[in-house]
Every structure is written in structure tokens, then in C-alpha cells.
Amino acid sequence: IVAVFIGQGFWKDIGTDPATISRIRPSVFFAMVNQGIAASFSTIISFPTERAIVLRERQAGAYQVSAYFMARTTCDFVTLLWPPILFAAIVYYSIGYQSSAHKFGIYMLFCILDAYAATSLSAAVVCICVSIERSTVVLSFLFEATRLFGGFFTSPKQLHEYPHWKWADALSYLKYAFLGSVITVLEGLPGGKAVIDSFGYDEYTVSECIGYLVVLIVGFRFLAYLGLRFIKN
């Protein structure tokens, strides 16, 4: 539904016209924000309940926490795969980005990694905070922080003026998903390079953004495992 809303609304048929290039950035950013938040809902709701069951069965010697965690992670990655693919297929061509299978594939990959990263962050928070109430409060703050340092409101070029906030910028999964996607969409367009350079997006490459997202996904999942393994209450 959201994909149709994005693709058929204000951003419908933006295309590659230089006159509409200013609307590409917000369309990409909104799409990445949506994918992250939508993917995290299931984790917030289900993980606390499952956690209590897992800890009880672990005490009974049914299985190890690591076995459950690996199974849950695998299940998450499989079930989360198709929504971003469907979302990207609707949004990319409805908005009218460059008609390139290669660029579409990269855009779709960032939608998938974005969903994985948000879900992994949610899993880490839920496993550490334990309760749904505390997890919701902490996640609300963290998602707002990732949006603020997501590359849209605070661009890499602007961040040079605030070097003491680079640590928060580095931990924003949304920044890497947005930068990788917007660079992909803008490159090759008339005036696209000028937009990339003006916001400092040229400080990153698509490959680097993919690599950073993978590192964050693994890091968040590891924190989730530690929380599940050692925090009892």
C-alpha cells in the first residue's frame, strides 16, 4: 500500500528530467525510511514473547540460545526478503527512475539491506531492553537519530562542521541505505553529479555503503545475541 502511495502520489513519474531532479532525493529518503520502520514492527512485537519461552526452554535443556538465535536470524532474513523486492519493483518504475536493470538491482539491494539493518537494530534493542514498553521508547529515539543522521537532513558535507557528531553519523544504517540508493539513482542524470557533489555524497561509493550496511547488520545481530544470552530480566 505504501509503495503504491509513494509511486502514484507526489513523486509519480518524476523521471529523469533535470527540472524534477530536486524531487529525487526526498523520494529516495522516504522510501528508505519506510522500509526500515515497516520491517522492524514484527521484531518489536514477537521477540519479547519468544524470549521468555526460549529462556525457559533453555533452562530445561531443550536447546542452546545460539541454536534458537541462528534459526530466528535465518527465518528473519528469509521472510524479510520478498517485501523489499516487491516494494522496489513498484516504487522504482512508478517514480520513473533510470530504466536500467543494473540500477534497479542495486536500488532493490539497498531496500533489502535497509530492512535487514532496521530489523537487526530492533532485535538488539529488544534483547537488551527485554520489555516491549522499554524497547518501544528506546527504538523510537534511535530511529529518530538515524533519520537525523540519515544523509538527508544532515548531509556528509554539512557534517564537517560538526565533527563531534561523526560517531552518530557512522552508526546510522539509514545513511548508508540512502546514500547508496541516491547515488545509484542520480549517477548518469543531467545535473546528477552536481547534486551528488553539492551534498558531499561523493565521499562514499555504492560498494562502501553496501559494506557498511553488512557490518552494521552483523554488529547489531551480535549485540542481540549477547543480550539474549546474558540478560535475564
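Presented here is a report on the structure given in the accompanying data block.

With that settled, the discussion passes to the overall build of the protein chain. Helix and strand content of the protein chain: 11 helices and zero strands. Order of helices (α) and strands (β) in the protein chain, N terminus to C terminus: α-α-α-α-α-α-α-α-α-α-α. Here the protein chain, with 233 residues, has 49% of them falling under the buried criterion. Restricting the contact set of the protein chain to residue pairs at least 6 apart, pairs at least 24 apart contribute 77%. In the form shown here, the protein chain has an accessible surface area of approximately 11000 Å², with 70% of it arising from carbon and sulfur atoms.

Once that is clear, we can look at the environment of D76. Inspection of the secondary structure assignment puts D76 in helix α3 (residues 65-79). Spatially, the C-alpha atoms of D76 and T119 are 8.3 Å apart, while their sequence positions differ by 43 residues. When neighbours within four sequence positions are excluded, D76 is seen to be in contact with T119 and R221.

Now for the nonpolar core. The biggest cluster of nonpolar side chains holds 53 residues, and the ones touching the most others in it are I24, V28, Y97, Y107, Y173, L186 and L213. Of all the secondary structure elements, the ones that give two or more residues to this core are α2 (24-59), α4 (82-95), α5 (101-129), α6 (132-148), α9 (173-186), α10 (192-198) and α11 (206-230). Counting residues in each nonpolar core, the second largest holds 11 residues, with V54, V65, C127 and A224 among its members.

With respect to the element layout, R25 can be found in helix α2. Within the buried core, R25 has no salt-bridge partner, and the shortest N-O distance to an opposite charge, that of D202, equals 12 Å. With near-sequence residues (within four places) excluded, R25 lies in contact with G151, F152, F178, V182, V195, F199 and Y201.

Here the idea is simple: oppositely charged side chains can pair when their charged atoms come close. Across all of its chains, the model carries five salt bridges by this definition. As a salt-bridge pair, R72 and D76 come within 2.9 Å of each other at their nearest N and O atoms. Separated by four residues within a single helix, R72 and D76 lie in helix α3, roughly one turn from each other. Judged by relative accessible area, R72 falls into the buried class, the value being 10%. The residue R221 makes a salt bridge to D76 at a minimum N-O spacing of 3.4 Å. Taken together, the residues R221 in helix α11 and D76 in helix α3 connect sequence positions 145 residues apart.

Moving on, we come to the packing of aromatic side chains. With the rule as written, the count across this model stands at 19 aromatic pairs. Where Y176 meets Y204, the ring centres are 6.3 Å apart and the plane angle is 70°; that geometry is what we call edge-to-face. Here the residue Y176 occupies a position in helix α9, and Y204 occupies one in the loop between α10 and α11, the gap between them amounting to 28 residues. The ring centre of F199 lies 3.8 Å from the NZ or CZ of R25, which sits over that ring. Over the ring of F230 we find R229, and its NZ or CZ is 5.1 Å from the ring centre.

On to α5, then. Its 29 residues give α5 an end-to-end C-alpha distance of 42 Å, which sits within 8% of 42 Å, the value for a rise of 1.5 Å per residue. Summarising burial for α5: 23 of the 29 residues are buried, a large majority. V130 sits one or two residues past α5 and shows a positive phi near 75°.

Each value, and the rule that gives it
- Residues numbered from 1 in each chain as written.
- Predicted model: local features only at pLDDT ≥ 70, side-chain atom pairs only at ≥ 80, totals over all residues.
- Heavy atoms only, no water.
- Helix = DSSP H or I, 4+ residues; strand = E, 2+ residues; numbered from the N terminus.
- Buried < 20%, exposed > 50% of the residue type's maximum accessible area, 1.4 Å probe, protein only.
- Contact = heavy atoms within 4.5 Å.
- Areas by Shrake-Rupley, 256 points an atom, 1.4 Å probe, with all protein chains shown as cover.
- Core = buried A, V, L, I, M, F, W, Y, C linked by side-chain atoms within 4.5 Å.
- Lys, Arg positive; Asp, Glu negative; His and termini not counted.
- Salt bridge = Lys/Arg side-chain N within 4 Å of Asp/Glu carboxyl O.
- Phe/Tyr/Trp six-rings, centres within 6.5 Å; stacked < 30°, edge-to-face > 60°.
- Lys NZ or Arg CZ within 6 Å of the ring centre and 35° of its normal.
- Expected span 1.5 Å × (residues − 1).

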